[in-house]
Amino acid sequence: MAGTARIVGAKALEKALLSAFQQWTEDDVNGEYWRERFEEKYPYADRITVRKEKPPAKNPRDILDTEELYESGVRSYDYSANTAVARADWHWDAKNSSDQEYAWYVHEAEEGPSRGYPRRWTDELASEYLFEGSEIKGRLMARIDQSLNG
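**Looking at the nonpolar core**
Core analysis: the biggest nonpolar cluster contains 26 residues, and Val29, Trp34, Phe38, Leu69, Trp90, Trp92 and Trp121 have the highest contact counts within it. Mapped onto this core, the elements with two or more residues apiece are α1 (10-39), α2 (68-76), α3 (103-108) and α6 (135-149). Ranked by the residues each element gives to this core, the list is headed by α1, at six residues. If near-sequence neighbours (up to four positions away) are discounted, Trp121 is found in contact with Tyr33, Trp34, Arg37, Phe38, Tyr42, Ile63, Leu69, Trp92, Ala103, Val106 and His107.

**Observations regarding the pattern of salt bridges**
Tallied over the full model, the rule gives 12 salt bridges. With a closest N to O distance of 2.9 Å, Arg35 and Glu67 form a salt bridge. Of this pair, Arg35 sits in helix α1 while Glu67 sits in the loop between α1 and α2, placing them 32 residues apart in sequence. Judged by its relative accessible area of 24%, Arg35 falls in the partly exposed class. Measuring nitrogen to oxygen at the nearest pair gives 3.0 Å for the salt bridge that ties Arg37 to Glu40. By sharing partners, the salt bridges in this structure join Glu32, Glu36, Glu135 and Arg139 into a single network.

Reading the values: the criteria
Positions within a chain are numbered from 1, following the residues in the order the chain's sequence is written. This being a predicted model, a pLDDT of at least 70 is required before a residue's local features are given, and a value of 80 or more before pairs of side-chain atoms are given or counted; all residues contribute to the totals for chains, interfaces and linings. Calculated side-chain values reflect all of the structure's heavy atoms, with hydrogen atoms and water omitted. For our purposes a nonpolar core is just a set of buried Ala, Val, Leu, Ile, Met, Phe, Trp, Tyr and Cys residues, chained together by side-chain atoms within 4.5 Å. Only protein chains enter the accessibility calculation, which uses a 1.4 Å probe; a residue is then buried when its area is under 20% of its type maximum, exposed when over 50%, and partly exposed in between. Starting at the N terminus, helices and strands are each numbered in turn, a helix being any DSSP run of H or I of at least four residues and a strand any DSSP run of E of at least two. Whether two residues are in contact is decided by their heavy atoms: any pair within 4.5 Å suffices. For salt bridges, the criterion is a side-chain nitrogen of Lys or Arg within 4 Å of an Asp or Glu carboxyl oxygen.

Given below as C-alpha cells:
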C-alpha cells in the first residue's frame, strides 16, 4: 500500500481553482445545468396552456416553451476574473408579447399568469443551503479535483 502527500503552491492552487470554476460555469452550468432546470417538470395550475411551438402544456410542465427564456440566459453568460474574484453572470431578458422581460414572473410567480406556481431554476446556485447538497456542487468539486490532480 502506498500514499502520497503534497502541498500545492498558492499560485498553482489559484490557477487550478480559477480554471475549474470557469470550466464548471461554461460546461456544467451554462452547458447542461440550465437545460436540465428548464426541462424539469414543475407543478402548475390545473389549467392547460396553449404554447406557440409545442403541444399544450399541462400539469406538471417544463418552462422551455419556445426556448426564448432559456436561450436568453445561456446567451448572456459572462465570466470574469481578477485578483479579487471570479464570477459568472446570467441575465434572462426574453420579452413577452407586451415587450416586457418575463423571467421574474416565471421564477417568482408573484403576479401574472404564473401566479402561485414559481419555477425557481436559479435557487440551487443562489442559496448556500440548497447548493451544499446539490448535484451541481458535486460537479464543481469534481472539476476542482480534476484541475488539481490531473
